[in-house]
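A look at the structure
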Amino acid sequence: EAFARQGFIHLKIKGGQDVEMDIERIIKVRERLGYQVTLRFDANQGYTVEEAVRFVEETGVDFLAIAIGTAHGLYDGEVNLALDLLAEIRERVEIPLVLHGGSGLSDDQFRAAVAGGIQKINIFTNLAVASTQRMIENAQTDKANLRSMLTQVREGFRGECERLLDVFGTTGKA
């Protein structure tokens, strides 16, 4: 409630280990905050299709982050997306679905996730890696200084954002 009083209009809640507990918790949040706050729920460990459908129907969350093979942070190895699970959930719920971390995905995997119904993708690790790489390259030059390195961080971030917006098919939209 304190966040809503301060003007926050979006709330992200993590869960996903016990659907019964998650439903109970989100219903309590809705009772206290009503619908003036957008609720984004992150089902960390994932739900079955039936649990995801039930959770959305009973809680009225606005966004659902589902576990289809991704997580936040860097990967060691190849990421295998469960596109069949995404398709089943997308077919049964009408709210926007969120990709729970996009790090380590190829451009083709991102495109497949978007085509399969993902509408929000968390990409901070991708942005941080691109920015860090640019900063390291700059630090190895004779002209490296704080200002030039910060510029490279900003440019790396911007460049990766632009690239991924193209990959997602969202450049020029919204």
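These remarks concern the structure in this document. In this convention, every chain numbers its residues from 1, walking through the sequence in written order. Where local features are concerned, this predicted model is filtered to residues with pLDDT of at least 70; where side-chain atom pairs are given and counted, the filter is 80 or more; whole-chain, interface and lining totals use all residues. Side-chain figures throughout are based on the complete set of non-hydrogen atoms in the structure, without hydrogens or water.

It is worth spelling out the overall build of the protein at this point. If you tally the helices and strands in the protein, you get seven helices and five strands. Exposure is judged per residue with a 1.4 Å probe applied to protein chains only, and the accessible area is read against the type maximum: over 50% gives exposed, under 20% gives buried, and values in between give partly exposed. The buried share of the protein, taken over its 174 residues, is 39%. Residues are treated as being in contact if the distance between any of their heavy atoms lies within 4.5 Å. In the protein, once contacts between residues fewer than 6 apart in sequence are set aside, the share between residues at least 24 apart is 62%. Residues scored as charged are limited to Lys and Arg (positive) and Asp and Glu (negative), so that His and the chain ends carry no count. Here the site of a charge means atom NZ of a Lys, CZ of an Arg, CG of an Asp or CD of a Glu. Positive and negative side-chain charges in the protein, numbering 20 and 26 respectively, have mean positions lying 9 Å apart. Think of it this way: any DSSP run of H or I at least four residues long counts as a helix, any run of E at least two long counts as a strand, and we number them from the N terminus.

Next up on the list: helix α7 (residues 146-168). Here α7 is 23 residues long and its end C-alpha atoms lie 33 Å apart, about the 33 Å a rise of 1.5 Å per residue gives. Looking only at α7, the buried set comprises Ser148, Gln152, Gly156, Glu160, Leu164, Val167 and Phe168. The secondary structure elements touched by the buried residues of α7 are α5 (107-115), β5 (118-121) and α6 (124-139). Near the N-terminus of α7, the side chain that reaches the backbone nitrogen of Arg147, with its oxygen 3.0 Å away, is that of Asn145. Phi for Gly169, located one or two positions after α7, is positive at around 75°. In this analysis, the expected span of each helix is defined as 1.5 Å times one less than the number of residues it contains. Contacts described as polar in this section are N or O atom pairs within 3.5 Å, which, within protein, must combine one atom able to donate a hydrogen with one able to accept it, while residues neighboring in sequence count only if both atoms come from side chains.

In this section: the packing of aromatic side chains. Two rings belonging to Phe, Tyr or Trp (six-membered ring only in the last case) form a pair when the distance between their centres is within 6.5 Å. Interplanar angles under 30 degrees mark stacking, angles over 60 mark edge-to-face geometry, and anything in between is tilted. Scanning the model with the defined rule gives four aromatic pairs in all. Between Phe110 and Phe168, the aromatic rings sit 5.1 Å apart at their centres with planes inclined by 70°, giving edge-to-face as the arrangement. On the criterion of sequence distance, the pair formed by Phe110 in helix α5 and Phe168 in helix α7 is long-range, its members being 58 residues apart. Of the two residues, Phe110 and Phe168, neither departs from the other in class, the shared state being buried. An aromatic cluster of three or more residues is present, and its members are Phe41, Tyr47 and Phe55. Over the ring of Phe63 we find Arg40, and its NZ or CZ is 4.7 Å from the ring centre. For a Lys NZ or an Arg CZ to count as sitting over a ring, it must be within 6 Å of the ring centre and within 35 degrees of the ring normal.

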